[in-house]
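Each chain, written out:
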Amino acid sequence: MASPRVVIIGAGIVGSGLADELTERGWTDVTVLEQGRLWAAGGSSSHAPGLVFQTNGSKAMTEYARYTVEKYSGLELDGQWCFRQVGGLEIATTPERLAELKRRLGFATSWGVDGRLLDPDECVAVWPLLDRDRILGGYLVPSDGLAKAVRAAEVMGRRTIERGARFFDQQTVTAIRTDGGHVTAVVTDRGEFSADIVVSCAGIWGPRIGAMVGMRTPLQPLAHQYVRTTEVPALATMAASVDLENDRPVLRHQDRDLYFREHVDRLGVGAYGHRPMPIDPETLLSPREAAVMPSVVDFTPADFEESWAWAVELIPALRESKIESGINGVFSFTPDGFPLMGESPDVGGFWVAEAVWVTHSAGVARAMAEWLVDGAPRTDAHESDVNRFEPHQLGPSHIRDRGVQNFVEVYDILHPLQPMEALRPLRTAPFFQREQELGAVFLEGAGWE
């Protein structure tokens, strides 16, 4: 039986990965459309620092990350690595975070990921630049590491093409044709592509693509700061080679909303502690218009000042360095922090795989391919089902404000089932006021208090 005609919008890490997974299963009539140039096309995949941490309170998200590690570890681009298992180290500087690291070890053990707790001396042995006196302990997962998203996308794209798929770049999608409530074609500024199935892997542009079929996509792009330092002399004495880039585990200091990775003798520092910077999807530039790339906006040094002070506090060796360059990189947040996966309930054949970070990219791509080819993914995907939101949760201001709140809380200590406290209540029962007067304690579910 002939495979259906599939058009994937977006050739980033998710779109290329999905094309790879589909063609591996025998669906070879696959067309991937990309508005930028292959393979650093200009979306979030193009600037992502590549951190992959597997531990998550969600079993499904952990499984997606585990498969990402497994798959990318086996990829090479012309002899260059696509994933290095340098490990991931989370450190605690407060008693509350130390207790959280113990819980995270419990999550990992439950989901089949090997990790272990470290005392302060062991943390410094693994990461010598740390200030020993500030650390209460750490959590190490040796199989975590760094992914080269653009390399991985190219490797998967190349072998997808070898199986018969087609990639077209510099194709800006302008419309999606439907007939009788089902997709029939994708129209770009350069042509029209017939389709039985359309999958939007457009990332931060997802809301624009969804609107073409009348779908409101609950995704909010936000800018996140990332800097590279000048040479750090203490790091230079033990730096990795230029080819390997990084020898020590990727470091996360969640008590200060920071993470660190090596760039040979320099450090990359990412921060979530700055003010939220939501971006209206309608204002995103095209790759032809953007000075660097559409997913990178001008760095705002003042917003990084506090984060830099915190970084120097943890890693005193940074006093001998300074910020060499920085970006405000744009990527996706959703109202509950999970990706968006699945088919539109209103337009048959229109699917989405968006708000997916590099950490979970290969796992989400596999799950989507299984969903399309086999009818269901092996992983329980209910947390990420795009149809999980009620209509009253899809208001633009709610999507924006919940996305902002998730950015603020990205490294906070939260129970996996803890309802968000901000932006409540959307819907209340007639008894709500009386229940408040009687001292009731409320939880939130699907926007109802």
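The paragraphs below set out a description of the structure included in this document. Everything numeric in this text was worked out from a predicted model, so none of it was measured.

## Comments concerning the sheet that holds strand 16 (residues 220–229)
Judged by pairing direction, the sheet is mixed, and its 9 strands sit side by side in the order 8-9-7-17-18-19-16-21-20 without closing on themselves. In the strand order of this sheet, the two ends are held by strand 8 (116–118) and strand 20 (296–297), each with one partner. Pairing between strand 16 and strand 21 (residues 323–333): 10 bridges, direction antiparallel. Bridge pairing in strand 21 links Leu222 to Phe331. Along the sheet face, helix 9 (residues 301–314) touches strand 7 (88–92), strand 16, strand 17 (250–253), strand 18 (258–263), strand 19 (266–271) and strand 21 and points at about 70 degrees away from the line of strand 18.

## Here's the deal with helix 1 (residues 13–24)
In a regular helix each residue adds 1.5 Å, so 12 residues correspond to 16 Å; helix 1 covers 16 Å between its end C-alpha atoms and thus fits that length. Of all 12 residues in helix 1, 11 are buried; the element is thus mostly enclosed. The set of residues buried in helix 1 consists of Ile13, Val14, Gly15, Ser16, Gly17, Leu18, Ala19, Asp20, Glu21, Leu22 and Thr23. In the segment just after helix 1, Gly26 is the residue with positive phi, at about 100 degrees.

## Describing the sheet that holds strand 2 (residues 30–33)
If you walk across this open sheet you meet the 6 strands as 11-2-1-15-23-22, and the pairing is mixed. Two strands lie at the open edges of the sheet, namely strand 11 (166–168) and strand 22 (340–343), each paired on one side alone. Mean inter-strand twist for the sheet, computed between neighbouring axes without regard to direction, equals 15 degrees. As paired elements, strand 15 (residues 197–200) and strand 23 (residues 350–354) share 3 bridges and run parallel to each other. Bridge assignment links Val199 to a residue of strand 23, and that residue is Trp351. In this fold helix 1 packs onto strand 1 (6–9), strand 2, strand 11, strand 15 and strand 23, with an angle of close to 160 degrees to the strand it touches most, strand 1.

Rules used in this analysis
- Per chain, the residues get numbers from 1 upward, laid out in the order the sequence is written.
- Only residues with pLDDT of at least 70 get local features here, since the model is predicted, and only at 80 or more are side-chain atom pairs given and counted; chain-wide, interface and lining totals rely on the full set of residues.
- To get the side-chain values, take all heavy atoms of the structure and skip hydrogens and water.
- Paired strands are those between which DSSP finds at least two bridges.
- Under the DSSP-based scheme used, a helix requires at least four consecutive residues in state H or I and a strand at least two consecutive residues in state E, with every element numbered from the N terminus.
- By definition, residues are in contact when any of their heavy atoms lie within 4.5 Å.
- Axis angles are defined between N-to-C directions and span 0 to 180 degrees, where every axis is a line fitted to C-alpha atoms and, for a helix, only to the segment in contact.
- In this scheme, a helix's expected span is set at 1.5 Å multiplied by one less than its residue total.
- Relative accessible area decides the class of each residue, using a 1.4 Å probe on protein chains only: under 20% of the type maximum gives buried, over 50% gives exposed, and in between gives partly exposed.

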